[in-house]
Amino acid sequence: MRKGSRIAFDVGTVRIGVAVCDADAILCSPKTTIAKDRYDSDLYEAADLVDEVGAIEIIVGKPVTLAGKAGRSAKMALRWARGLRSLVSVPIRMVDERLSSVSAHEQMSEAGLSSRQQRELVDRQAAVIILQQALEYEKINERPAGQKL
């Protein structure tokens, strides 16, 4: 397993959930939520976060369909990741994030959070799930998860 912190982004149409892991790639934590806008300030905010945490790699969730196809959401996430790539020098990997938001909602419901409370946190928790899955893949397969941009 490579040493170094990573940062993950769950790109939605309105918000982007952000999660980070420690330098030993053991503990994943929610970091923040970034509001998307049409002026790309979300990309600059994301690039600042990458620098702030000293990430060795960026993980961006690619929301493919259950059949494994790239739909409109996956294409949007890819466009966003390409925009971020132009602002950072850290490698970016697109990772299958099928059902990460569903899993995040389930975890928060089990924790007793209301739908309103979940809305505030679901994007961050989905980013945590994406990051955990990517790290687990790397531990098992001895290579990074997803596709490099």
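Predicted model, so just to flag it, every value in this text is computed and none were measured.

Q: I tried to follow helix 1 (residues 41-53) on my own but got confused; where do I start?
A: Three- or four-residue spacings in an α-helix give side chains the same orientation, since the helix completes a turn every 3.6 residues. A rise of 1.5 Å per residue sets the reference length of helix 1, with its 13 residues, at 18 Å; its end C-alpha atoms lie 19 Å apart and thus fit the reference within 8%. Residues of helix 1 that are buried sit in contact with strand 1 (6-11), strand 2 (15-21), strand 3 (28-35), strand 4 (57-62) and helix 2 (72-85). Remark: glycine 54 follows helix 1 within two positions and exhibits a positive phi of approximately 65°.

Q: When you look at the environment of cysteine 21 in this model, what are you seeing that I'm missing?
A: Its location among the elements puts cysteine 21 in strand 2. Its relative accessible area of 5% is what places cysteine 21 among the buried residues. Separated by 10 residues in the primary sequence, cysteine 21 and lysine 31 place their C-alpha atoms 9.5 Å from one another. Residue contacts for cysteine 21: discarding those within four places in its chain leaves Gly4, Ser5, Arg6, Leu27, Cys28, Leu131 and Leu135.

Q: Would you mind showing me how to read unusual backbone geometry here?
A: The phi angle of most residues is negative, glycine excepted, and most peptide bonds adopt the trans form. Phi is positive for alanine 25, which is not a glycine, with a value near 55°. Along the chain, alanine 25 turns up in the loop between strand 2 and strand 3. Even without glycine at this site, glutamate 142 takes up a positive phi of about 55°. For glutamate 142, the position within the fold is in the loop between helix 4 (115-141) and strand 6 (147-148).

Q: Before we go on, may I ask you to explain the pattern of salt bridges in this structure?
A: Close approach of charged atoms lets side chains of opposite charge pair. Overall, the coordinates contain 7 salt bridges when judged by the stated rule. The salt bridge involving arginine 2 is made with glutamate 57; its shortest N-O contact spans 2.9 Å. Here glutamate 57 lies in strand 4 and arginine 2 lies in the segment before strand 1, a separation of 55 residues in the sequence. Relative accessible area serves as the criterion here: at 31%, arginine 2 is assigned to the partly exposed category. In this structure glutamate 57 comes out as buried when scored by relative accessible area, which is 4%. Within this structure, Arg2, Arg6, Glu57 and Glu138 form a network of salt bridges that share partners.

Q: In this structure, what is going on with the environment of aspartate 42? I would like to understand it.
A: The residue aspartate 42 is located in helix 1 in this model. For the pair formed by aspartate 42 and leucine 84, sequence separation is 42 residues and the distance between their alpha carbons is 9.3 Å. Ignoring anything within four residues of it in the chain, the contact list for aspartate 42 reads Ile16, Ile34, Ala35, Lys36, Asp37 and Trp80. Engagement of the side chain of aspartate 42 in a polar contact is seen with the side chain of tryptophan 80, the distance being 2.8 Å.

Scoring rules and cut-offs
- Residues numbered from 1 in each chain as written.
- Predicted model: local features only at pLDDT ≥ 70, side-chain atom pairs only at ≥ 80, totals over all residues.
- Heavy atoms only, no water.
- Helix = DSSP H or I, 4+ residues; strand = E, 2+ residues; numbered from the N terminus.
- Expected span 1.5 Å × (residues − 1).
- Contact = heavy atoms within 4.5 Å.
- Buried < 20%, exposed > 50% of the residue type's maximum accessible area, 1.4 Å probe, protein only.
- Salt bridge = Lys/Arg side-chain N within 4 Å of Asp/Glu carboxyl O.
- Polar contact = N/O pair within 3.5 Å; in protein donor to acceptor, adjacent residues only side chain to side chain.

Functional significance is not addressed by these values, which are geometric in nature.
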